[in-house]
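Working through the structure, step by step
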Amino acid sequence: MTPWRDRLRGTARGTTGRSPTTVDQIAMAAGLSPRSFFRYFANKEAVVTYVLDETGADIADALAARPAEEEPWYALRRAFDEVIEKWTRNQSLPMIRLIHDTPVLYAKHLHQEVQWNEAIARSLVTRLSKTPPGEERRLRAGALAAAGVACFAYARLEWVACDGKRSVAELLDLAMDAVSPLSRP
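Presented here is an overview of the structure given in this document. (Residues numbered from 1 in each chain as written. Predicted model: local features only at pLDDT ≥ 70, side-chain atom pairs only at ≥ 80, totals over all residues. Heavy atoms only, no water.)

The next subject is unusual backbone geometry. The backbone of Gln91 sits at a positive phi, close to 50 degrees, despite the residue not being glycine. With respect to the element layout, Gln91 can be found in the loop between α7 (81-89) and α8 (93-101). Look at Gln91 and you get exposed, because its relative accessible area is 62%. A positive phi angle, near 55 degrees, is found at Asp163, a position not held by glycine. Relative to the assigned elements, Asp163 resides in the loop between α10 (134-161) and α11 (168-179). (Helix = DSSP H or I, 4+ residues; strand = E, 2+ residues; numbered from the N terminus. Buried < 20%, exposed > 50% of the residue type's maximum accessible area, 1.4 Å probe, protein only.)

Overall, the coordinates contain ten salt bridges when judged by the stated rule. Taking the shortest distance from any N to any O, the salt bridge between Glu70 and Arg66 comes out at 2.6 Å. The partly exposed category is assigned to Arg66, whose relative accessible area is 25%. Arg97 serves as the salt-bridge partner of Asp163, at 2.5 Å between the closest nitrogen and oxygen. In this pair, Asp163 is assigned in the loop between α10 and α11 and Arg97 in helix α8, connecting sequence segments 66 residues apart. (Salt bridge = Lys/Arg side-chain N within 4 Å of Asp/Glu carboxyl O.)

We now examine the packing of α8 against α10. At a closest axis distance of 10 Å, the pairing of α8 and α10 adopts a crossing angle of 105 degrees. Put simply, α8 runs roughly perpendicular to α10. Taken together, the residues of α10 that come into contact with α8 (itself represented by Leu93, Ile96, Arg97 and His100) are Arg156, Leu157, Trp159 and Val160. Taken together, the residues that form the contact of α8 with α10 break down as five nonpolar, one polar and two charged. (Axes fitted to C-alpha atoms, helices over the stretch in contact; angles between N-to-C directions. Parallel < 35°, antiparallel > 145°, perpendicular 65-115°, else oblique. Contact = heavy atoms within 4.5 Å. Nonpolar A, V, L, I, M, F, W, Y, C, P; charged D, E, K, R; others polar.)

This part takes up the packing of aromatic side chains. What the rule picks out here adds up to three aromatic pairs. With a centroid separation of 4.8 Å and 45 degrees between ring planes, the pair formed by Phe80 and Phe152 is classed as tilted. Of this pair, Phe80 sits in the loop between α6 (72-79) and α7 while Phe152 sits in helix α10, placing them 72 residues apart in sequence. Under the relative-accessibility criterion, Phe80 is labelled buried at 0%. The buried category is assigned to Phe152, whose relative accessible area is 0%. Among the aromatic residues, ring-to-ring pairing joins Phe80, Trp87, Trp116 and Phe152 into one connected group. Over the ring of Phe152 we find Arg156; its NZ or CZ atom is 4.7 Å from the centre of that ring. (Phe/Tyr/Trp six-rings, centres within 6.5 Å; stacked < 30°, edge-to-face > 60°. Lys NZ or Arg CZ within 6 Å of the ring centre and 35° of its normal.)

This part takes up the environment of Leu182. Looking at the element boundaries, Leu182 is found in the segment after α11. Residue Leu182 is classed as buried on the basis of its relative accessible area, which comes to 11%. Considered as a pair, Leu182 and Leu76 are 106 residues apart in the sequence and their alpha carbons are 9.9 Å apart. If near-sequence neighbours (up to four positions away) are discounted, Leu182 is found in contact with Trp73, Tyr74, Arg77, Asp173, Met176 and Asp177.

Laid out in structure tokens, this is it:
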């Protein structure tokens, strides 16, 4: 992230909540003009969801870097680790709660998850057996990606519901293991 994006996001995190916050308020708190704000973000919702924009690509990149001998489902689970670590380090629970509690932000996030599925599926295709034809391999990769992202979504919902008392990593392990056992290589 650029320093200004970080600053705007941090400012928005501190000024948004249940009461309406204007772009002018966010920009002023960050020491910018509203016009400068719009150089970085299309709208105030984008300030909050910006941190999630690259999540799918981050997971796909981490998946591509996993050892080739790992089973696809296990490799996908481990690919979430860096994102979970970053969210934990950045104390993202309040932001994730805000996204889940705000319909317009949650709608944007659901759209982002569709994009995550596509990026992750592209990385999974190379891990799947070459035996099925290309179209079937893409379908299987898409189904695995969507299932993994859905497990991640439910793990985050539970993380918010338990107010962070359990880790996202633990909750994701439980969710993904419920779909298919996470066999280690």
